[in-house]
Amino acid sequence: MTMLLSLEKIEAFYGPVQALFGVSLDVAEGEVVALMGRNGMGKTTTVKSICGLLPASRGISFAGEPIAGLPSYRIARKGIGLVPEGRRCFASLTVEENLKAAARKGLWDFARVADLFPRLAERRQQKAVSLSGGEQQMLAIGRALMTNPRLLVLDEATEGLAPVVRQEIWQAIDSLKRQSGVSILIVDKSLKELGQVADRGVILERGEDVWTGRFSDLDAETADRFLGV
Ligand code: ATP
């Protein structure tokens, strides 16, 4: 299988404080991989390292090329679209302006994003600041898709949202998987929903990967031990 993204024993630091002590994971073309672990175990740090938001000197390759150490805008241009924790959008721009500002050539355009999230089409002239939390999350995903990424990285895309809105986001992720073929690395705490979309999973514990496997092979004992569920 050709790997689109490969991390080989990456380490990461916040100043003098080491947060990752050797994380390895792969995402193949068209695959959905869940990155799991309890709070503070290194999921967001791994995401930031992949996207160039934290210095990582080696061990990361994308589409066969080393990317560790590149600035984040160059990593984004290579085809990694990040939906960061906290769903950052331009508050004073409208939905449509937010989406168009992110646009790069490819299959994804305003119409296709509007198809995936009809609510964004309804609110196209509204400023992002006036959207609900769920709509802002949809906008953040839409923005990442407008860059036409080969890999979409979702960090806690459903956190803090009402159950009905979470369901809409999961449905969108499911249809992305079925219809677009984009590879996805997803951080989330909902095992049940992850189980419906993820092909494989990786569990982090204190900055190291401690379990990797097909999601369907994640047994109750492992989930209980490392995820506390
Ligand atoms: P959560 O589910 O709570 O978001 P996480 O698995 O994403 O957790 P990280 O945010 O990656 O965990 O944190 C990994 C470790 O790095 C933790 O020990 C955390 O305290 C530390 N850390 C995170 N951000 C910083 C920072 N800005 N400065 C120093 N240490 C940090």
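Our subject in this report is the structure included herewith. Keep in mind it's a predicted model, so treat the numbers as computed, not measured.

Some details on the overall build of the protein
No. 1: Each helix and strand in the protein was counted, giving nine helices and 10 strands.
No. 2: Against the globule reference of 17 Å for 229 residues, the protein gives a C-alpha radius of gyration of 17 Å, in line with a compact fold.
No. 3: For the protein, the spread of C-alpha atoms along the principal axes amounts to about 45 × 35 × 35 Å.
No. 4: The proportion of buried residues among the 229 residues of the protein is 50%.

Focus on the site of the ligand
No. 1: Around the ligand, the structure places 13 residues, and the nearest of them are Gly 40, Gly 42, Lys 43, Thr 44 and Thr 45.
No. 2: In the model, an oxygen atom of the ligand is placed 2.7 Å from a nitrogen or oxygen of the Lys 43 side chain.
No. 3: For the ligand, an oxygen atom lies 2.8 Å from a polar atom in the backbone of Thr 44.
No. 4: Taking 640 Å² as the accessible area of the ligand by itself, protein coverage stands at 59%.
No. 5: With three residues, the top contributor of residues to the shell around the ligand is helix H1 (residues 43–50).
No. 6: Residues belonging to the shell around the ligand are distributed by class as follows: three nonpolar, five polar and five charged.

What to know about the pattern of salt bridges
No. 1: Summed over all chains, the structure comprises 14 salt bridges.
No. 2: We note a salt bridge from Glu 168 to Arg 119, for which the minimum N-O separation is 2.7 Å. Of the two residues, Glu 168 is situated in helix H7 (residues 163–179) and Arg 119 in helix H5 (residues 118–122); the sequence distance between them amounts to 49 residues.
No. 3: When its relative accessible area of 22% is taken as the criterion, Arg 119 is described as partly exposed.
No. 4: Salt-bridge contacts for Glu 156 lead to Lys 189; the nearest nitrogen and oxygen are separated by 2.8 Å. With Glu 156 in the loop between strand S7 (151–155) and H7 and Lys 189 in the loop between strand S8 (183–187) and helix H8 (191–197), this pair connects stretches of sequence that are 33 residues apart.

Some words on the sheet that holds strand S2 (residues 17–28)
No. 1: A sheet is described by the order of its strands in space; here four strands give the open sequence S2-S1-S4-S5, paired in antiparallel fashion. The two strands at the open ends of the sheet, each matched to only one other strand, are S2 and strand S5 (65–66).
No. 2: Sheet topology note: the strand S4 (residues 60–62)/S5 ladder contains two bridges and is antiparallel. Counted as the bridge partner of Ser 61 is Pro 66 from S5.

Let's talk about the sheet that holds S8
No. 1: The strand order across the open sheet built from six strands is S6-S7-S8-S3-S9-S10, with neighbouring strands paired in mixed fashion. With partners counted over all chains shown, the strands left at the sheet margins are strand S6 (80–83) and strand S10 (208–214), one partner each. Across this sheet, the average inter-strand angle for adjacent strands is 15°, counted without regard to direction.
No. 2: Across six bridges, the pairing between strand S9 (residues 200–205) and S10 is antiparallel. Counted as the bridge partner of Val 202 is Thr 212 from S10.
No. 3: Of the strands in this sheet, strand S3 (32–36), S7 and S8 touch H7, which is tilted by about 155° from S8.

What counts and how
Residues numbered from 1 in each chain as written. Predicted model: local features only at pLDDT ≥ 70, side-chain atom pairs only at ≥ 80, totals over all residues. Heavy atoms only, no water. Helix = DSSP H or I, 4+ residues; strand = E, 2+ residues; numbered from the N terminus. Rg over C-alpha atoms; globule rule 2.2 N^0.38 Å. Buried < 20%, exposed > 50% of the residue type's maximum accessible area, 1.4 Å probe, protein only. Near = heavy atom within 4 Å. Polar contact = N/O pair within 3.5 Å; in protein donor to acceptor, adjacent residues only side chain to side chain. Areas by Shrake-Rupley, 256 points an atom, 1.4 Å probe, with all protein chains shown as cover. Nonpolar A, V, L, I, M, F, W, Y, C, P; charged D, E, K, R; others polar. Salt bridge = Lys/Arg side-chain N within 4 Å of Asp/Glu carboxyl O. Pairing = 2+ DSSP bridges. Axes fitted to C-alpha atoms, helices over the stretch in contact; angles between N-to-C directions. Contact = heavy atoms within 4.5 Å.

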